[in-house]
Amino acid sequence: MSNTIQESRPSNLRWIMISLAFLATVLNYVHRLAFNYLSADGHLRKLIPDDVFGYLGTAFFIAYMISNIFSGYVIDRLGARLGYILCMLFWTTAGLFHAFARNPWQFGVCRFLLGIGEAGNWPAGLKLTTEWFPPHERSTASGIFNSGSALGAIIVPPLVAYMGIHYGWQSTFVILSIFGYFWVILFRLIYYTPAAAKQQTRERTIPPLKLLRTRFVTTFLLGKIFLEPVWYFVTFWLGRYLVDVFHWDLKKIGWYAVLPFLIADLGNIAGGYFTQHIIKKGMPVPRARKLSLGISGAIMAVSLLAGPFLITSAVSALILFGLAGFGYTSYTANCLALPADVVPKNAAASAWGLACIGNGLGGAIFQSASGLTLRSLSATHGYAMAYNTLFLGFGISALVGVAIFLFGMGPIVKDEALARYVLAATPTEAAG
């Protein structure tokens, strides 16, 4: 009887569970971005010039790409509970290792290990939403847990500035790791897998290569190569931009760099709720998803392309960074709901992880290109011109990415061939 009730009426506990994923995503971004701000000024800036910073970003995203090849599949097999715990333990320990690095090569190893662990957060969060939420709520639930990325980005500037100034950068990494280990204990005590979801983990799993051969996953991956680097430009380079163009120090960055991420955080909720609203009004789910993705991509692209022409002060720059972030987070809230719309539930995390190979590939390419662009153009034309070039480049990239999603992905409907594969039981079919 309890299973029947749960299927017809989702448990209110789902909001507690999504809150845990939200907290994990906050910590994910705190660990990811702390180094970026600490190295924007002071001792670490002298140790890490622009081109080296770009290469360190590339190390992170190469690891992110590698991890996404297998992390979603592993989480689909293990379930959200164990999968999330393992991811958090890995990236928290990698964050702790930063405290003991002393040269760019050692930081490169730390960034690589951090990328391996952090990539699992989104397949794990997506797995949690598919375990606990019905289809019409998944974009909203995804927006809630993904809003932790923007909140983490909001917290980082003042938190890292205060801790870096008062305790030093090494102690900052140690203290941040303590929060990650505390989350593991909390999640271990609270989270459990619903009975219906336990049955899904026992269903036949789909091999990653079979998923990768589908039009949906291939197009998803390709679009992400061009769309995801927009967010990495906002989050990775904002601190250096404020130092290089407006000559801010770490203390000032700590006070004001939260503005773009306050704006961006609204996109997680607005993007997810907008889609849920138009679905309730009668728009078919596939059309609603693509409409939302198109609007979000347009916001990203227009904000960035307008940057060189509208930025006249640090405040106007922060607002445009924020609008680009708003477009990105609203796009992500809907993207996180896409796999469960197309592939069987027990393959949703795998499909997301494979698509996120595009995150790592795009991040690796664009981070190195950004560092080299800044180093070469700033030497001849100054930092303002160099960053304006990046604004235009990332704006064009956003247009390319959203076009791939809208015109290349095809209908966002259940893949019947994959559904039949999961239900099939004969040995010949199992061989794929």
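Because the structure is predicted, anything quoted here is derived from the model rather than measured.

**Here's the deal with the overall build of the protein**
- The helix and strand inventory of the protein stands at 22 helices and zero strands.
- Here the C-alpha radius of gyration of the protein, 21 Å, is about what a compact globule of 432 residues would show, namely 22 Å.
- Over its C-alpha atoms, taken along the principal directions, the protein stretches across nearly 65 × 45 × 40 Å.
- Burial status across the protein gives 59% buried among its 432 residues.
- Taking as baseline every contact in the protein between residues at least 6 positions apart, the subset at least 24 positions apart corresponds to 87%.

**What about the packing of helix α2 (residues 14-38) against helix α7 (residues 121-132)?**
- It is the contact of α2 with α7, at a shortest axis distance of 10 Å, that shows an interaxial angle of 170°. Considering their axes alone, α2 and α7 lie roughly antiparallel with respect to each other. Residue-level contacts link R14, M17, I18, A21, A24, T25, N28, Y29 and R32 of α2 to N121, W122, L128, T129 and W132 of α7.
- Its residues assigned to classes, the contact of α2 with α7 shows eight nonpolar, four polar and two charged.

**Quick notes on the environment of I263**
- Structurally, I263 is set in helix α14 (residues 259-280).
- Judged by its relative accessible area of 18%, I263 falls in the buried class.
- Taking the C-alpha atoms as reference, I263 lies 7.9 Å from I319; in sequence the two are 56 residues apart.
- Apart from residues no more than four positions distant in its own chain, I263 is found in contact with I319, G322, L323 and F326.

**A look at the packing of aromatic side chains**
- All chains considered together, the criterion is met by 40 aromatic pairs.
- Between the aromatic rings of F233 and F394, the centroid separation amounts to 4.7 Å while the plane-to-plane angle is 10°, which identifies the pairing as stacked. Highlighted residues: F233 in helix α12 (residues 215-246) and F394 in helix α20 (residues 383-408), separated in sequence by 161 residues.
- Looking at R240, its charged tip hangs above the ring of F53, at a distance of 4.2 Å from the centre.

**Some points on helix α6 (residues 104-118)**
- Here α6 is 15 residues long and its end C-alpha atoms lie 20 Å apart, about the 21 Å a rise of 1.5 Å per residue gives.
- Those residues of α6 that fall on the buried side of the exposure criterion are F107, G108, C110, R111, L114, G115, I116, G117 and E118.
- Among the residues of α6, the N-terminal cap falls to N103, whose side-chain oxygen and the backbone nitrogen of W105 are separated by 3.0 Å.

**A word on the nonpolar core**
- Residues Y37, L128, F220, L338, V343 and F405 are the most contacted members of the largest nonpolar core, which totals 126 residues.
- Per element, the largest residue contribution to this core is 17 residues, and it comes from α12.
- Residues contacting L128, with those up to four places away along its chain left out, are M17, I18, A21, A80, Y84, F187 and Y191.

**Thoughts on α7**
- Under the 1.5 Å per step criterion, the end-to-end length of α7 is 17 Å for twelve residues, consistent within 8% with the ideal 16 Å.
- Burial analysis of α7 places twelve of its twelve residues in the buried class, the great majority of the element.
- Listed in full, the buried residues belonging to α7 are N121, W122, P123, A124, G125, L126, K127, L128, T129, T130, E131 and W132.

**Looking at the side chain of S350**
- Relative to the helices and strands, S350 resides in helix α18 (residues 348-355).
- A relative accessible area of 4% places S350 in the buried class.
- Side-chain polar atoms of S350 contact the backbone nitrogen of Y73, separated by 3.4 Å.
- Here D76 takes part through its side chain, which lies 2.6 Å from a polar atom of the side chain of S350.
- With residues near it in sequence (within four places) discarded, S350 still touches G72, Y73, D76 and L211.

What counts, and where the lines are drawn
- Residues numbered from 1 in each chain as written.
- Predicted model: local features only at pLDDT ≥ 70, side-chain atom pairs only at ≥ 80, totals over all residues.
- Heavy atoms only, no water.
- Helix = DSSP H or I, 4+ residues; strand = E, 2+ residues; numbered from the N terminus.
- Rg over C-alpha atoms; globule rule 2.2 N^0.38 Å.
- Buried < 20%, exposed > 50% of the residue type's maximum accessible area, 1.4 Å probe, protein only.
- Contact = heavy atoms within 4.5 Å.
- Axes fitted to C-alpha atoms, helices over the stretch in contact; angles between N-to-C directions.
- Parallel < 35°, antiparallel > 145°, perpendicular 65-115°, else oblique.
- Nonpolar A, V, L, I, M, F, W, Y, C, P; charged D, E, K, R; others polar.
- Phe/Tyr/Trp six-rings, centres within 6.5 Å; stacked < 30°, edge-to-face > 60°.
- Lys NZ or Arg CZ within 6 Å of the ring centre and 35° of its normal.
- Expected span 1.5 Å × (residues − 1).
- Polar contact = N/O pair within 3.5 Å; in protein donor to acceptor, adjacent residues only side chain to side chain.
- Core = buried A, V, L, I, M, F, W, Y, C linked by side-chain atoms within 4.5 Å.

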